[in-house]
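Structure assessment
Listed here are the chains, written in short residue letters.
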Amino acid sequence: MDHWFFSPGIVTTVVLTLVVLGAAALILIAQVNKYLEKMQKQTNAKDKLAFSEQLINLESEEVDQVLEARRKALHFRLTGKELGTALKPVDQRGLVSKLSQDPDRPFFSEKKTDRKVVHTPPALTRLIMAYLVGATFWLVFGTLVGQYLGMKFVLPELDSLSWLSFGRLRPVHTNTVFWGWSSLAMIGLAYYVVTRTSNNTIYSYRWGWTAFWLINTMVVAGNLCLMAGINNGGGEYREYIWPVALLFILALLITFFNFYKTIARRKIGEIYISNWYILAGLLWTMVLAVIGYLPFSGLGETVTQGYYMHQGVGMWFMTFTLGLIYYYLPSSLNKPIYSYSLGVLAFWTQMLFYTMIGTHHFVFSPLPWWLQTVAIVFSAGMFIPVVAGTTNFLMTMKGSWKAISSSYVLPFFLIGVIFYFVGSTQGSVQSLRFTNDLWHFTDFNVAHSHMTMYGIISFILWACIYAIVPGLSLREPRQLMVGMHFWLAFIGLLAYTVPLMIGGSLKGMSWIEGKPFIESVTLMIPFWIWRAIGGTMMFLSHLVFAWNIYTMLKPIRKAKTQAI
Amino acid sequence: MNFHKNHRRLVLVSFFVFLLLSTGIAVLPAFQMQEQNAPLPGQPELSDLELNGLRVYIAEGCVACHTQQVRSIEMDKTWGSRPSIPSDYYYSKKRMDFWRQSPSILGSERTGPDLTNIGARQPSEEWHYLHLYNPRLVVEESVMPSYPWLFEEKEDPAATDVVLNLPGDTSSGTGKTKIVAGDQAIALVAYLKSLKQEPLPESISPGFIPSRKKTGGTDGEVPAGLPDGAALYTQTCAACHQAQGQGLPGAFPALAGSPIVNDSDPETLIRIILQGYDARPEFAAMPPFASQLSDEEVAAIATHERSSWGNDAAPVTAEEVQKIRETIEQTIQ
């Protein structure tokens, strides 16, 4: 193939780099090994010296004693009664809470459940639960739609109903998981963070409920419009017409003031870093939603489209979720965040760099070249907040790796943080003109968006939910089910994204080589099948998640009916 | 400035800095793009019917899979003769109505072909109707949805109705009814046919950025062999005449076994490719390809057609095509 990808220069550079890296690794290993051996030798020599000194200093009787003791030791045999007694065990101090002689899961290790009981006002618990249950419903619905759409790539004649056609249903999927699932879950989880870190109660429960219903109404109304063929013009993530989107902006406004008033009445001096991200996320999203709906025509609309669709992800989902990590991750590990200052640095650079990069969705388009260049430059700059955030989270986890394997919450955090680094960096690299040439317009984009919106946002939200809900409802989910949720979602995501990345690259190469377009469609079929398989696994994991939420919620409902 | 303790300051600073950045990166450039925009001289305005078609295009979410932007990179040459410029969108990207904004037709995914120039590439109405009714009737491998709700079933269509000639017995229902294009389908096809790139003088037209090295230095010299006729056929002709040259009965004639294709004198075949053809009422009209294909490409396609699917005729050279092209141009003048 005479493709630039395989041009001798690039291949050589890659090979050389690998050789250098390999050599460096080998050298490093050898050096470390040598040093360790030296240390070992020194210790051995010291031990030998000490031992011979001891021998020389011994009296002959002492030597006899030592040898006799050694003889006895060598002839010792177990009687078989060492580990038990005839006495019955009695728990005099009430230390044992659960006795199990027959572990119910021989294949899986038991995870820790000894969490501290969280005391929250019941009104707050109800509010948070409402948000989380709503979010779970939309997750299941939204990904059911997504799964159905994924199958349509392979079976285009799955149905021929106008309301279920691909073009109308695609924005139903994206908007539902954006506003219904992620946004509701984020806001719900933030209610806990804001009150907890302000050491106070929430300013208004009523406002909380109003925002909750506004968002739900918006998703229902918006989806019905979309399926009926009424959309705002097809611009991604602002397909809801403005009267519908207005409900969301109102909900944001209400939520912002609710949080702001709570934080203003905080009983501690400092504003915890989480609240920076949460307040800013709400503020910035209101601004960008208004700008996104400004009535520009011509390519002016395209400029705001690039700005809006990228900021929707960057200033809303990412910013807000980062705020959640800054609270839930350290609290799950029961230790402070590694560096507060790094969090502050990431905050300001997030605002500065992320805002500028929307046009990287329109590289090589008729938009002004300078706008594209600014977007690309700042995309590269995104490396700073991403590295700052990732470092901060990983350093917080450092030293607690044992805790990760013995917890069902922390693996979700770990995957989320890893995807935060991988997905964001990959996105930055994708904006470069060179890679954009290959990947833009292909299924690679779809892989990227799922790596980020799912790999980062959803995994972090699940981590936070599993971290907080059992503490609120005083009921643990079944660990096997949480494990099933985790692995189905994780493996499903990989089965979804990796084939799409490979297929997307092949598609881009086929276009660059100038092959007939239809070949780029047929070559995708196997990769689309893989996407459908991965998508099915992801959807199944959401059913499991919904079941977990249900089991964790049962006691609350009981308590309520008893009260009545 | 202590942001750690002063919530008001924290909120105000992050709000206003973000607003400032957003104004600089989005609002002002958007305003500028909107103001500094004019149609090209001679660029046709969209008719009411075509505008309605654009609305159908947006309502059905066609933008989810089809782009309308020829980017300034070499691979996009397939989709237009020049990169798209802001003026191209002057008439189409206007606010639709009070409820809905200017349509986002540039798109972000190319699951289906770019449509910037579809009106020129595929001017056949019959093809578009069949394709919308069921894409797999004309493109077997297509994964595009069918749009049967844009069509109606009628027992005895009026003379003004657009009746679809469905190949074989694919019409649903009793078999007696005919499939007739509905108002939305008519509008949509009118819109698709209106999508043509307005030519720009070469001197001011932005060029394409080459995306890869040319191989072996064949560029510029007279190539020894012709371009890949099979690939060109797939790209340009197969949508109507089908992959195996079998055509679609009642819509597009077969090339396999066709006397014109197999004629020892290829002149008629070359003329049809260059000038188009509309002499047989039972088939749809074929558009001319003189402006889209070079002499070498026409020769390659003709040679491919004359040597495939059981056809067996002598190859065509670029010189023959050039000669016929010159005669056609002379007779027009």
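Quick caveat: nothing in here was measured; it's all calculated off a predicted structure. (Residues numbered from 1 in each chain as written. Chains lettered and ligands numbered in written order. Predicted model: local features only at pLDDT ≥ 70, side-chain atom pairs only at ≥ 80, totals over all residues. Heavy atoms only, no water.)

1. Some thoughts on the pattern of salt bridges
Residue and element names in this part refer to chain B.
- Counting across every chain of the model gives 19 salt bridges over all chains.
- Across the salt bridge formed by D76 and R110, the nearest N and O atoms sit 3.0 Å from each other. Taken together, the residues D76 in the loop between helix 2 (48–59) and helix 3 (118–121) and R110 in the loop between helix 2 and helix 3 connect sequence positions 34 residues apart.
- Exposure remark for D76: the relative accessible area of 0% places this residue in the buried category.
- In this structure, the salt-bridge partner of D114 is R110, at a minimum N-O distance of 3.3 Å.
- Classification of D114 as buried rests on a relative accessible area of 0%. (Salt bridge = Lys/Arg side-chain N within 4 Å of Asp/Glu carboxyl O. Helix = DSSP H or I, 4+ residues; strand = E, 2+ residues; numbered from the N terminus. Buried < 20%, exposed > 50% of the residue type's maximum accessible area, 1.4 Å probe, protein only.)

2. Quick notes on the nonpolar core
- W179(A), W181(A), F259(A), L324(A), Y328(A), F413(A) and Y57(B) are the most contacted members of the largest nonpolar core, which totals 218 residues.
- It is helix 15 (residues 444–473) of chain A that contributes the most residues to this core, 20 residues altogether.
- If you count residues domain by domain, this core takes at least three from each of domain 1 (48–194) and domain 2 (229–332) of chain B.
- Setting aside chain neighbours within four positions, we find L324(A) in contact with M186(A), L189(A), A190(A), V193(A), I278(A), L329(A), L461(A) and C464(A). (Core = buried A, V, L, I, M, F, W, Y, C linked by side-chain atoms within 4.5 Å. Domains from an automatic or database assignment. Contact = heavy atoms within 4.5 Å.)

3. Re helix 16 (residues 479–512) of chain A
Residue and element names in this part refer to chain A.
- Here helix 16 contains 34 residues, and its C-alpha end-to-end distance of 49 Å stays within 8% of the 50 Å for a straight helix at 1.5 Å per residue.
- Of all 34 residues making up helix 16, 24 are buried, and the element is well covered by its neighbours.
- Positive phi appears at G514, one or two residues downstream of helix 16, with a value of about 70°. (Expected span 1.5 Å × (residues − 1).)

4. Digging into a negative patch on the surface
- On the surface, E59(A), E61(A), E62(A) and D64(A) cluster together into a negatively charged patch.
- Its location among the elements puts E61(A) in helix 2 (residues 60–74). (Patch = residues over 30% accessible without salt bridge, like charges linked within 9 Å, V, L, I, M, F, W, Y side chains within 5 Å. Areas by Shrake-Rupley, 256 points an atom, 1.4 Å probe, with all protein chains shown as cover. Lys, Arg positive; Asp, Glu negative; His and termini not counted. Charge placed at Lys NZ, Arg CZ, Asp CG, Glu CD.)

5. Some details on unusual backbone geometry
Residue and element names in this part refer to chain A.
- For N199, which is not glycine, the phi torsion reads 55° and is therefore positive.
- The topology assignment puts N199 in the loop between helix 4 (166–198) and helix 5 (205–227).
- The backbone phi angle of F441 is positive, close to 75°, even though this residue is not glycine.
- Looking at the element boundaries, F441 is found in the loop between helix 14 (433–439) and helix 15.
- Taking relative accessible area as the criterion, F441 reaches 0% and is therefore assigned buried.

6. Structural notes on the packing of helix 9 (residues 267–275) of chain B against helix 10 (residues 295–307) of chain B
Residue and element names in this part refer to chain B.
- Remark: helix 9 packs on helix 10, axes separated minimally by 11 Å, with the N-to-C direction vectors making an angle of 130°. Classified by the angle between their axes, helix 9 and helix 10 sit oblique to one another. Helix 9 and helix 10 meet at a crossing whose hand is right-handed. Contact residues: helix 9 offers L269, I270, I273 and L274, while helix 10 offers V298, A302, E305 and R306.
- Residues of the contact of helix 9 with helix 10, tallied by class, amount to six nonpolar, no polar and two charged. (Axes fitted to C-alpha atoms, helices over the stretch in contact; angles between N-to-C directions. Parallel < 35°, antiparallel > 145°, perpendicular 65-115°, else oblique. Left-handed = near helix turned anticlockwise from the far one by under 90°. Nonpolar A, V, L, I, M, F, W, Y, C, P; charged D, E, K, R; others polar.)

7. Some words on the packing of aromatic side chains
All names here are of chain A.
- Summed over the entire model, instances satisfying the criterion amount to 69 aromatic pairs over all chains.
- When the centroid spacing of 6.4 Å and the interplanar angle of 50° are considered together, the rings of F364 and W369 count as tilted.
- Of the residues examined, F364 reaches a relative accessible area of 5% and is grouped as buried.
- The class for W369 is partly exposed, based on a relative accessible area of 42%.
- Centre to centre, the rings of F412 and Y466 are 5.4 Å apart; their planes meet at 35°, and the pair counts as tilted. In this pair, F412 is assigned in helix 13 (residues 410–430) and Y466 in helix 15, connecting sequence segments 54 residues apart.
- For F412, a relative accessible area of 0% puts it in the buried group.
- Following the ring pairs from residue to residue traces out a cluster consisting of W181, Y408, F412, Y454, F459, W462, Y466, F486, W487, F490 and F545.
- Here the basic side chain of R433 rests over the ring of W369, its NZ or CZ set 3.7 Å away from the ring centre.
- Stacked on the ring of F153, the Lys or Arg R531 has its end atom at 4.3 Å from the ring centre. (Phe/Tyr/Trp six-rings, centres within 6.5 Å; stacked < 30°, edge-to-face > 60°. Lys NZ or Arg CZ within 6 Å of the ring centre and 35° of its normal.)

8. Points about the interface of chain B and chain A
- Taken together, the contact pairs 81 residues of chain B with 98 residues of chain A.
- Here chain B and chain A share three salt bridges between them.
- Between K93(B) and E301(A) there is a salt bridge, with its nearest N and O atoms 2.3 Å apart.
- Remark: the boundary between chain B and chain A carries 23 residue pairs in polar contact (both at pLDDT 80 or more).
- Secondary-structure elements contributing two or more residues to the side of chain B that touches chain A are helix 1 (7–35), helix 2 and helix 6 (229–236) of chain B.
- Per-element accounting of the side of chain B that touches chain A gives the leading share, 20 residues, to helix 1 of chain B.
- Of the residues contributing to the side of chain B that touches chain A, the split by class is 41 nonpolar, 26 polar and 14 charged. (Polar contact = N/O pair within 3.5 Å; in protein donor to acceptor, adjacent residues only side chain to side chain.)

9. Brief notes about the confidence of the model for chain B
- On average, residues of chain B score 85 in pLDDT, and 92% of them reach the 70 mark or higher.
- Taken together, the stretch residues 213–223 of chain B has pLDDT below 50 and engages in five contacts with residues farther than four places along the chain or on a different chain. (pLDDT = per-residue confidence, 0-100.)

10. Some remarks on a nonpolar patch on the surface
All names here are of chain A.
- Taken together, the side chains of F51, L55, L58, V63, V66 and L67 make up a nonpolar region of the molecular surface, amounting to roughly 530 Å² of accessible area.
- Going through the elements one at a time, helix 1 (8–57) and helix 2 are the ones with two or more residues in the nonpolar patch.
- The element contributing the most residues to the nonpolar patch is helix 2, with three residues.
- On the secondary structure map, F51 appears in helix 1.
- The exposure class of F51 is exposed, given its relative accessible area of 52%.

11. Thoughts on the environment of F434(A)
Residues and elements named next belong to chain A.
- Note on placement: F434 falls in helix 14.
- The partly exposed category is assigned to F434, whose relative accessible area is 47%.
- The spacing of F434 and M524 is 90 residues in sequence and 22 Å in space, taken between C-alpha atoms.

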